[in-house]
Structure formats: structure tokens, C-alpha cells
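Report on the structure
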Amino acid sequence: QVQLVESGGGLVESGGSLRLSCAASGSINSINEMGWYRRQAPGKQRELVATLTSGGSTNYADSVKGRFTISRDNAKNTVDLQMISLQPEDTAVYYCYLNRWERSRGWVDYWGQGTQVTVSS
């Protein structure tokens, strides 16, 4: 099992910055990728923000390119999301995500509980 705990959310003014951090614990092996998704409103589908594979490849949503940067510390099993130039439309609950291979289950996704980011105009 894997546990993911996010931190760093909060309230910020438009144009401000925040840094989210996610710590992974438990059986940390065979990780394919880690990253961040967000849900902007209840009932709305969770959408990709940024992911980072174990090989170092990144993928960003078009809406955050140039403003958000994902990074990973393999020694600490953490993945961070640096967010700058935040806009009200970035307001969402942000979820940490981890995908890994498990012999008995195949590719498995794990999710954190989520951290709220609110950007005021």
C-alpha cells in the first residue's frame, strides 16, 4: 500500500505563488509516475495538472504551462508543484497522484486526500 499526504495549499491573491508538496510512504517501489490533478468544482471531473515519470518526462496541462513546475525528490519520496502567477481559475482541490506496477494488480493509481487552493481576484 501507498499513502500520499499533501501540504501547502491555502488562500492567495491573484498573481501570487504557492508550492504544494506531496510525501509518499509505504511500499514505495516500481513507481511509473507521480503528479498532480485538480478538481475545480464539486461534480466536475478531476483534470490533469502535471505529471512526472520516473524517467524524468513531464506533462503539463496547457492552462498551466509556463506557470507551474513539477519536481520530484526520489530520496525523500516527495513530489512538489511550484505554482506562480496564480489566477482565480486555478482555484481547486489539488490531488497528489502516484501510479505504480503491482504484480497482483497491474498498474495501480493512488491518490492523496487533496489540498485546497483558493485564488482571490
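Residues numbered from 1 in each chain as written. Predicted model: local features only at pLDDT ≥ 70, side-chain atom pairs only at ≥ 80, totals over all residues. Heavy atoms only, no water.

1. Some words on the pattern of salt bridges
Heads up, the rule is: Salt bridge criterion: a side-chain nitrogen from Lys or Arg within 4 Å of a carboxyl oxygen from Asp or Glu. By the criteria applied, helices consist of DSSP H or I runs no shorter than four residues and strands consist of E runs no shorter than two, each listed in order from the N terminus.
Applying the stated criterion across every chain yields a total of seven salt bridges. Residue aspartate 80 pairs with arginine 19 through a salt bridge whose shortest N-O separation is 3.2 Å. Taken together, the residues span a long stretch of sequence, with aspartate 80 in strand 8 (residues 78-83) and arginine 19 in strand 3 (residues 18-26) at a distance of 61 residues. Its salt-bridge partner being lysine 65, residue aspartate 62 comes within 3.1 Å of it at the nearest N-O pair. If you follow the salt bridges from partner to partner, you end up with Arg38, Glu47, Arg67 and Asp90 in one network.

2. Re the pairing of strand 9 (residues 92-102)
For clarity, the cut-off: Burial classes: relative accessible area under 20% of the type maximum marks a residue as buried, over 50% as exposed, and values in between as partly exposed (1.4 Å probe, protein chains only). Any two strands between which DSSP finds at least two bridges are classified as paired.
Strand 9 sits mainly inside the fold: nine of its eleven residues count as buried. Direction of pairing for strand 4 (residues 31-39) relative to strand 9: antiparallel, over a ladder of eight bridges. Within strand 9, the position partnered with glutamate 33 by the bridge is asparagine 99. In this structure, strand 9 lies alongside strand 11 (residues 115-120), joined through three bridges in antiparallel fashion. Looking at strand 11, one finds that alanine 92 is bridged to valine 117. Pairing between strand 9 and strand 10 (residues 106-111): six bridges, direction antiparallel. Residue pairing in the sheet places leucine 98 in a bridge with tyrosine 110 of strand 10. Taken together, strand 9 and the strand that follows it, strand 10, pair antiparallel across an intervening segment of three residues.

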